[in-house]
Amino acid sequence: MIVLGIETSCDETAAAVVTESREILANKVLSQLAEHAPYGGVVPEIAARSHLDHIDRLVAQAMEEAAMDLAALDGIAVTGGPGLIGGVMVGAITAKTLAQVLGKPLINVNHLEAHALSVRLVEPGADFPYLLLLVTGGHCQLVSVEDVGRYTVLGTTIDDAIGEAFDKTAKMLGLPYPGGPAIEAAAKRGNAARFDLPRPMLGRPGCDFSFSGLKTAVAQTVDRLSAEGPGAGELSAADIDDVAASFQAAAAATVLDRARNALAAFRATHPGTPRLVVAGGVAANRALRTALEGLAGEAGAVLSAPPPELCTDNAAMVAWAGVERLGRGLTDPLDFAPRPRWPLGDVRAEPA
Ligand code: KG4
Ligand code: ZN
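### A word on the sheet that holds strand β8 (residues 150-156)
Step number 1: Taken in spatial order, the five strands make up an open sheet running β8-β7-β6-β9-β10, and their pairing is mixed. Looking along the sheet, the strands with just one partner apiece sit at the ends: β8 and β10 (302-304). Strand-to-strand, the axes of this sheet are offset by a mean angle of 25°, without reference to chain direction.
Step number 2: Strand contacts of helix α4 (residues 111-122): β6 (130-135), β8, β9 (275-279) and β10, with the helix running at about 125° to β6, the strand carrying the most contacts.
Step number 3: Here helix α9 (residues 286-299) sits on the sheet in contact with β6, β9 and β10, set at roughly 155° to β10.

### With respect to the pairing of strand β4 (residues 75-81)
Step number 1: Counted residue by residue, β4 has seven buried out of seven residues, so it is predominantly covered.
Step number 2: Across four bridges, strand β1 (residues 2-7) lies against β4 in parallel orientation. Paired with V3 across the strands is G75, a residue of β4.
Step number 3: Inspection of the sheet shows β4 paired to strand β5 (residues 106-110) by five bridges, in the parallel sense. Counterpart to I76 in the pairing with β5 is L106.

### Thoughts on the coordination of the zinc ion (ligand 2)
Step number 1: Here the zinc ion (ligand 2) is held by the protein donor atoms H111 (NE2), H115 (NE2) and D313 (OD), which lie 2.1 to 2.2 Å from it.
Step number 2: Coordination at the zinc ion (ligand 2) comes from four donor atoms whose angles at the metal span 93 to 146°, giving a geometry best classed as irregular.
Step number 3: Along the chain, the residues that donate to the zinc ion (ligand 2) are spaced as H-x3-H-x197-D. Of this pair, H115 sits in helix α4 while D313 sits in the loop between α10 (308-311) and α11 (316-327), placing them 198 residues apart in sequence.

### Overview of α9
Count 3.6 residues to each turn of an α-helix, and residues three or four apart come out pointing the same way.
Step number 1: End to end, α9 covers 20 Å across 14 residues, agreeing with the expected 20 Å (1.5 Å per residue, within 8%).
Step number 2: Those residues of α9 lying buried are L288, R289, L292, L295, A296 and A299. Here the buried residues of α9 occupy an arc of 120° about the axis, which is enough to place them on one side. Exposed and facing more than 90 degrees away from the buried side of α9 are G297 and E298.
Step number 3: Packed against the buried residues of α9 are β6, α8 (237-269), β9, β10 and α10.
Step number 4: Among the residues of α9, the N-terminal cap falls to N285, whose side-chain oxygen and the backbone nitrogen of A287 are separated by 3.1 Å.

### What about the nonpolar core?
Step number 1: One finds L133, V135, I162, F211, F247 and L292 to be the most contacted residues of the largest nonpolar core, which totals 49 residues.
Step number 2: Elements supplying a minimum of two residues to this core: β6, β7 (140-147), α5 (162-172), α6 (179-189), α7 (212-228), α8, β9 and α9.
Step number 3: Looking at which element gives the most residues to this core, the answer is α8, with 14 residues.
Step number 4: When sequence neighbours within four positions are dropped, the list of residues in contact with L292 reads L133, L256, A259, L276, V278 and L303.
Step number 5: The next biggest cluster of nonpolar side chains, apart from the first, holds 38 residues, and it includes F128, A316, A319 and L326.

### Points about the environment of V135
Step number 1: In this structure, V135 sits in strand β6.
Step number 2: Each C-alpha atom, one on V135 and one on A283, is 6.4 Å from the other, the two residues being 148 residues apart in sequence.

### Some remarks on the sheet that holds strand β3 (residues 24-31)
Step number 1: Taken in spatial order, the five strands of this open sheet run β3-β2-β1-β4-β5, and their pairing is mixed. Of all strands in the sheet, those with a lone pairing partner are β3 and β5, marking the two edges. Adjacent strand axes in the sheet meet at a mean angle of 20°, parallel and antiparallel pairs treated alike.
Step number 2: Strand direction decides the pairing type here: strand β2 (residues 12-19) and β3, joined by seven bridges, are antiparallel.

### Overview of the site of ligand 1
Step number 1: The environment of ligand 1 is made up of 21 residues, and the closest members are G137, D167, E184, G281 and N285.
Step number 2: In the environment of ligand 1, an oxygen atom lies 2.7 Å from a nitrogen or oxygen atom belonging to the side chain of D167.
Step number 3: The contact in question runs from a nitrogen atom of ligand 1 to an N or O atom on the side chain of E184, over 2.7 Å.
Step number 4: Taking 550 Å² as the accessible area of ligand 1 by itself, protein coverage stands at 89%.
Step number 5: Across the shell around ligand 1, the residue classes break down as six nonpolar, 12 polar and three charged.

### Notes on the pattern of salt bridges
Step number 1: For the structure shown, the criterion picks out 15 salt bridges.
Step number 2: Salt-bridge contacts for D257 lead to R258; the nearest nitrogen and oxygen are separated by 3.0 Å.
Step number 3: Connected through salt bridges with shared partners, the residues R120, D147, E324 and R328 form a single ionic network.

### Quick look at the domain arrangement of the chain
It is common to give the size of an interface as the accessible area lost on bringing the parts into contact.
Step number 1: You can read the domains of the chain as domain 1 (2-117 + 310-346) and domain 2 (128-309).
Step number 2: Averaged C-alpha coordinates put domain 1 and domain 2 at centres separated by 27 Å.
Step number 3: Contacts between domain 1 and domain 2 engage 22 residues on the former and 26 residues on the latter.
Step number 4: Roughly 1900 Å² of surface becomes buried between domain 1 and domain 2 when both sides are summed, with 66% attributable to carbon and sulfur atoms.
Step number 5: It is L310, C311 and L344 that lose the most area in domain 1 upon contact with domain 2, and together they represent 30% of the buried surface on that side.
Step number 6: For the pair domain 1 and domain 2, the number of links is one salt bridge.

The rules behind each value
Residues numbered from 1 in each chain as written. Chains lettered and ligands numbered in written order. Predicted model: local features only at pLDDT ≥ 70, side-chain atom pairs only at ≥ 80, totals over all residues. Heavy atoms only, no water. Pairing = 2+ DSSP bridges. Helix = DSSP H or I, 4+ residues; strand = E, 2+ residues; numbered from the N terminus. Axes fitted to C-alpha atoms, helices over the stretch in contact; angles between N-to-C directions. Contact = heavy atoms within 4.5 Å. Buried < 20%, exposed > 50% of the residue type's maximum accessible area, 1.4 Å probe, protein only. Donors = N, O, S within 2.8 Å, 3.2 Å for Na, K, Ca; no water. Tetrahedral: all angles 85-135°; square planar, octahedral: opposite > 155°, others 65-115°. Expected span 1.5 Å × (residues − 1). Arc of directions from axis to C-beta. Polar contact = N/O pair within 3.5 Å; in protein donor to acceptor, adjacent residues only side chain to side chain. Core = buried A, V, L, I, M, F, W, Y, C linked by side-chain atoms within 4.5 Å. Near = heavy atom within 4 Å. Areas by Shrake-Rupley, 256 points an atom, 1.4 Å probe, with all protein chains shown as cover. Nonpolar A, V, L, I, M, F, W, Y, C, P; charged D, E, K, R; others polar. Salt bridge = Lys/Arg side-chain N within 4 Å of Asp/Glu carboxyl O. Domains from an automatic or database assignment. Buried area = accessible area lost by both parts, 1.4 Å probe.

In structure tokens:
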């Protein structure tokens, strides 16, 4: 089985070809970073227009890299939501057109499901069930993954997503967008003990997250430092590095505390050694990964993390979710509606 995947839900235009036997025959990703950077965040209209300009070429390049004709495909998978609706519509209309013209099955993939299943593309031993920590720019969730289309959300953020907190902190520090990699680099040089920032939800029962209090504390710290700084409104390089390090430590401590509770809850209902899977763009963060390795060791769990290029948005994970769904006979009609909001708990595994 060979599936083409298409991803256009945020600021990456992507096309990939993946097989049932876990070969990634092509994985093309075009980042729109430079187009959004001047605005310090993703501008939906610019994103949609850019997807439209590039998606046909990316699909052609993916097929060329996979060295096959469209006719050789067994299915077309596309992110049908959640995401910026203009972009999702560009991907959906592209996939629907290909499916109709080629007479191939169409698979409407939930973007979060694609992140959730991505580990199985690279780790054949990652059997169901497992506990997923999904950390992206738009989401922060702990999910019990029971099977394809069977997800129980154990906890979610009550305000900001963790990636958003990284991005906003970076913006306050004058670091480039996207903030995650910039914060991580600055944090390596900084002193995490210099600022005692709040660790939201720490020690509370349950698995929900919160990042807005931490964000406010960063804003107050930055205001205070810039009033004292070298010039009006300026931070010294050491201040920037220390705030970044203190923020990253607080964010990681919160995630670790919530993941610890989720592991205990998962264990109570699933016998055997639990597997903790971390996925999404923020899973590229080394400090967070190291902290999670420590947690897994302490809790007797196995930690799995897809490689960074499969953690940030890509179409290989969409194609793989397509393989998983198509293999179970789960296809979708040509008139499915793209969705800006589509919680993982609403994803189903019944044929359409
Ligand atoms: O999964 P993703 O590529 O897109 C969404 O679906 O949101 O995640 C993007 C997020 C951004 O907020 C970005 O700042 C963050 O992932 N990110 C990181 C790192 N690399 C990317 N956050 C922390 N550390 C990183 N190294
Ligand atoms: Zn994503």
